[in-house]
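Summary of structural features
Listed below, chain by chain, are the residues.
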Amino acid sequence: MPAFQTSPGMRDILAPQSVRWRRFVDVFAEVVEAAGYGQLITPLLEDLGVFTRLGESTDVVTKEMYDFVDKGGRHVALRPEVTASVCRAFVEHHPPTPWKTWYAGSNFRYEKPQRGRYRQFDQVGIEVLGADDPYLDVEVIALGWEFYRRLGLRQVTLRLNSLGEPDDRARYVTELAAYFTAHHAELSPESRITLAKNPLRVLDSKRPQDAPVVAGAPRIADCYSDAAAEHFATVQAGLSSLAIPFTIDTGLVRGLDYYRRTTFEYQGGTLDSAQNGLGGGGRYDGLVEALGGPPTPGVGFALGVDRTLLACDDESVFVAPDGATDVFVVDTTGGAEALTITSALRAAGLRAERAFDNRSMKSQMKAADRSGASHAVIVGSNELEAGAAVVRPLRATLVEGQPGQSTVLRSDLVDHLVAHLRNSTS
RNA sequence: GUGGCCGUAGCUCAGUCGGUAGAGCGUCAGUUUGUGGUACUGAAUGUCGCGGGUUCGAUCCCCGUCGGUCACCCCA
């Protein structure tokens, strides 16, 4: 057993999985940059206060934060999400609005790890600050939808809700609290505790015991102001005009309690219900203000990389691209030839590999085969003397009695291979 | 944080009614010595998660611990 291993809920991601990981971010960047979003890179570490502004009733802030006092006496924390950092950056740099940003990176939450739930986990997301337009909500939701489509995911569903204006929401929470208090005895013990902290979250309960009470609860829709109702109607109409299917879920209450108006969540159809939330987001306000800025509306989402990748696995979609090399250089004369040949091939833009430790011809050929290279370049003592090399196709030699290999002068080798590979790939 | 299940070679797992352990895959090397996908032969690798207890003796029983997993919770 190794003396050290990764901390709970944290892990190493090796190739080829890491390749897929990077591709994932690349695809996301392609989708959102096509819509004019610019990447924002923020520190993993922020002043604790940046995150406590997220709200007192969220476990993410109150119980799950990695916080500590640094050597300078500052109370800092590893970010549990990045929306707060985006708002902090907005206040710090006051960019022109609407400010459209995207990000990708790790977040930290001290939770009990499970599959699809890690203490260090990655998210990609977008945030737009400074615009109130319902069509912006539609754009944001549509970009997430388009991203899943680009990955190849088919079984994603979109759940949508509106929490109304802050006043509506406050009024609703009061009504809800009164209702649940009246049905206190019917609630599960866990939900009673939740009720005291945040009545909205009781709607999220997955315990069967709570189902009847939750089903009879007042609806947020009845509390909408005219403005909120109109905003929500426009969002729905916009999604419909883009042919993006959604279902209204009045029980959809996002975890962080800064949301108002539109909230949404993408769910994976193949995942178990406990971990089926692929990503989600919504409209929020008050956050920029809480961080010392002017009143500024915001909207955005964050998508979990792990869960989305799990969903991709279930649908056998977005498989890791193979890092196949083009040419594998076999050198049985000591390795110096392989050094110069691979170097020249790489300079010419080809992916070239070689063997080390002066292994046997057979061993090197095996490695060449495994590398996925389409051609092997073979240099033995004969070739070395003749100033040449053997070029052997590795994938086409299945034909009986046709080795198909040729001897090429070293001076022509690179050009020969470049021409050859261009032909076979196009 | 609470509860259930699990923890044996790099990977997937078998096994010992308690006497320190195996398979497949993978890796490496060979199969008359300059050429890869199949086949054959052979080899290496495990403190049987860790600590303690019971026992003449534990990988197998008991306790604890750590890690994983599932549910709750939370959320991505």
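For clarity, every value in this text was computed on a predicted model and none was experimentally measured. (Residues numbered from 1 in each chain as written. Chains lettered and ligands numbered in written order. Predicted model: local features only at pLDDT ≥ 70, side-chain atom pairs only at ≥ 80, totals over all residues. Heavy atoms only, no water.)

**Here we look at the nonpolar core**
The condition that has to hold: Among the buried residues, those of types Ala, Val, Leu, Ile, Met, Phe, Trp, Tyr and Cys that are joined through side-chain atoms within 4.5 Å form a nonpolar core. Using a 1.4 Å probe on the protein chains alone, a residue whose accessible area is under 20% of its type maximum counts as buried, one over 50% counts as exposed, and one in between counts as partly exposed. Numbering of helices and strands runs from the N terminus, with a helix taken as a DSSP run of H or I at least four residues long and a strand as a DSSP run of E at least two residues long. Note on definitions: a residue-residue contact is assigned when non-hydrogen atoms from the two residues lie within 4.5 Å.
Formed by 61 residues in total, the largest nonpolar core has its most connected members in Phe-180 and Tyr-266. The biggest single contributor to this core is helix H5 (residues 134-151), with 10 residues. Look past the residues within four positions of Phe-180 in its chain and what remains in contact with it is Leu-187, Leu-195, Pro-199, Val-202, Leu-203, Val-213, Val-214 and Ala-217. In terms of nonpolar packing, the next biggest core, distinct from the first, is built from 27 residues, Val-61, Val-82, Val-86 and Ala-302 among them.

**Brief notes about helix H4 (residues 83-93)**
The periodicity of an α-helix, 3.6 residues per turn, causes residues three or four positions apart to be oriented the same way. In terms of residue burial, H4 counts as a mostly covered element, since eight of its 11 residues are buried. The set of residues buried in H4 consists of Thr-83, Ala-84, Ser-85, Val-86, Cys-87, Arg-88, Ala-89 and Phe-90. Those residues of H4 that are buried are in contact with strand E2 (45-47), helix H2 (48-52), strand E5 (99-108), strand E6 (120-129), strand E10 (277-284) and helix H11 (287-290). Of the residues one or two after H4, His-94 is the one with positive phi, at around 30°.

**What to know about the packing of helix H1 (residues 17-33) against helix H12 (residues 305-314)**
Selection rule: Inter-axis angles, ranging from 0 to 180 degrees, are taken between N-to-C directions of lines fitted to C-alpha atoms, where helices are fitted over the stretch in contact. Oblique is the label for every angle not falling under 35 degrees (roughly parallel), over 145 degrees (roughly antiparallel), or within 65 to 115 degrees (roughly perpendicular).
Relative orientation of the contacting elements H1 and H12 amounts to 110°, with a least axis distance of 12 Å. On the basis of the axis angle, H1 is roughly perpendicular to H12. Contacts from Gln-17, Arg-20, Trp-21 and Phe-24 in H1 reach Val-305, Asp-306, Thr-308, Leu-309, Cys-312 and Asp-313 in H12.

**Side note on the sheet that holds strand E3 (residues 67-69)**
Definition in use: Between any two strands, pairing holds if DSSP finds at least two bridges.
Pairing in this open sheet of three strands is antiparallel, and the strands run E2-E4-E3 from one edge to the other. Edge positions in the sheet fall to E2 and E3, since each has one partner strand and no second. Pairs of neighbouring strands in the sheet enclose a mean axial angle of 35°, with direction left out of account. Summarising the sheet, E3 and strand E4 (residues 75-78) pair through three bridges and their orientation is antiparallel. Across the sheet, Phe-68 pairs through a bridge with Val-76, a residue of E4.

**Points about the pattern of salt bridges**
Let me state the cut-off plainly: A carboxyl oxygen of Asp or Glu within 4 Å of a side-chain nitrogen of Lys or Arg is what we treat as a salt bridge.
A full pass over the atoms with the stated rule returns 28 salt bridges. We note a salt bridge from Glu-46 to Arg-88, for which the minimum N-O separation is 2.5 Å. Of this pair, Glu-46 sits in strand E2 while Arg-88 sits in helix H4, placing them 42 residues apart in sequence. The partner of Glu-111 in a salt bridge is Arg-117, with the nearest N and O atoms 3.9 Å apart. Salt bridges sharing partners connect three or more residues here, namely Asp-132, Asp-137, Glu-165, Arg-260, Arg-261, Arg-283 and Asp-285.

**Section: the packing of H5 against helix H10 (residues 226-241)**
What counts is decided by this rule: Crossing chirality is assigned from the near helix's rotation relative to the far helix, an anticlockwise turn below a right angle marking it left-handed and a clockwise turn marking it right-handed. Basically, the charged four are Asp, Glu, Lys and Arg, the nonpolar ten are Ala, Val, Leu, Ile, Met, Phe, Trp, Tyr, Cys and Pro, and anything else, Gly included, counts as polar.
At their nearest, the axes of H5 and H10 sit 8 Å apart, and the two run at 40° to each other. Considering their axes alone, H5 and H10 lie oblique with respect to each other. Taken as a pair, H5 and H10 cross one another with a handedness that is right-handed. Between H5 and H10, the residues in contact are Pro-134, Tyr-135, Asp-137, Val-138 and Ile-141 and His-231, Thr-234, Val-235, Gly-238 and Leu-239, respectively. In the contact of H5 with H10, the residues fall into six nonpolar, three polar and one charged.

**Let's talk about unusual backbone geometry**
The omega torsion of the bond from Ala-15 to Pro-16 falls at 5°, within 30 degrees of zero and hence cis. Along the chain, Pro-16 turns up in the segment before H1. The linkage connecting Thr-97 with the following residue, Pro-98, adopts the cis geometry, with an omega of -5°. Positionally, Pro-98 belongs in the loop between H4 and E5. We note that Ala-243 has phi near 60°; this positive angle belongs to a residue other than glycine. Structurally, Ala-243 can be placed in the loop between H10 and strand E8 (247-248). You can call Ala-243 exposed: its relative accessible area is 64%. Notably, Arg-261 is not glycine yet its phi reads approximately 50°, a positive angle.

**Brief notes about the domain arrangement of chain A**
One frequent convention defines the size of an interface as the accessible area lost when the parts assemble. Going by this rule: Boundary definitions for the domains trace back to an automatic or database domain assignment.
Parsing chain A into structural domains produces domain 1 (17-165 + 225-315) and domain 2 (327-425). The centre of domain 1, based on its C-alpha atoms, is set 49 Å off from the matching centre of domain 2.

**Quick word on H10**
Let me state the cut-off plainly: Helix span, as expected, comes to 1.5 Å for every residue beyond the first. What the arc describes is the spread of directions from the helix axis to the C-beta atoms.
With 16 residues, H10 should cover 22 Å at 1.5 Å per step; its first-to-last C-alpha distance of 22 Å lies within 8% of that length. Those residues of H10 that sit buried are Ala-228, His-231, Phe-232, Thr-234, Val-235, Gly-238 and Leu-239. The buried residues of H10 occupy an angular sector of 155° when projected down its axis, which confines them to one face. In this structure, H10 carries Asp-226, Glu-230 and Ser-241 as exposed residues pointing more than 90 degrees from its buried face. Positive phi appears at Ala-243, one or two residues downstream of H10, with a value of about 60°.

**Observations regarding the side chain of Asn-198**
As for its placement among the helices and strands, Asn-198 is situated in the loop between helix H7 (189-197) and helix H8 (199-202). Not counting the four nearest positions on each side in its chain, Asn-198 is found in contact with Ser-57 and Asp-257.

**Regarding empty space enclosed by the protein**
For clarity, the cut-off: Note on definitions: the grid is 1 Å and covers protein atoms alone; a cavity is a set of points where a 1.4 Å probe fits but cannot get out; a pocket is an open set with protein on both sides within 12 Å along at least five of seven lines; lining residues have an atom within 4 Å of a point. Grid points are joined across faces, edges and corners, and a volume is the space filled by probe spheres set on the points.
Going through the model one piece at a time under the given rule, you end up with one cavity of 30 Å³ or more. Of the voids in this model, the largest cavity is the one considered here, and its volume is about 40 Å³. What lines the largest cavity is simply Asp-331, Gly-334, Gly-335, Arg-354, Ala-355, Phe-356, Asn-358 and Gln-364. Looking at the lining of the largest cavity residue by residue, the class counts come to two nonpolar, four polar and two charged.

**So, the packing of aromatic side chains**
Keep this limit in mind: Ring pairs shown here join Phe, Tyr and Trp side chains whose ring centres sit within 6.5 Å, with only the six-membered ring taken for Trp; geometry is labelled stacked below 30 degrees between planes, edge-to-face above 60, and tilted in between.
Scanning the model with the defined rule gives 18 aromatic pairs in all. Pairing Tyr-66 with Tyr-110 gives two aromatic rings, centres 5.5 Å apart and planes at 70°, and the pair type is edge-to-face. Here Tyr-66 is found in the loop between helix H3 (59-62) and E3, whereas its partner Tyr-110 is found in the loop between E5 and E6, with 44 residues between them in sequence. An aromatic cluster is present here, built from Phe-24, Phe-28, Trp-102, Phe-147, Tyr-148, Phe-264, Tyr-266, Phe-301 and Phe-318 joined pairwise through their rings.

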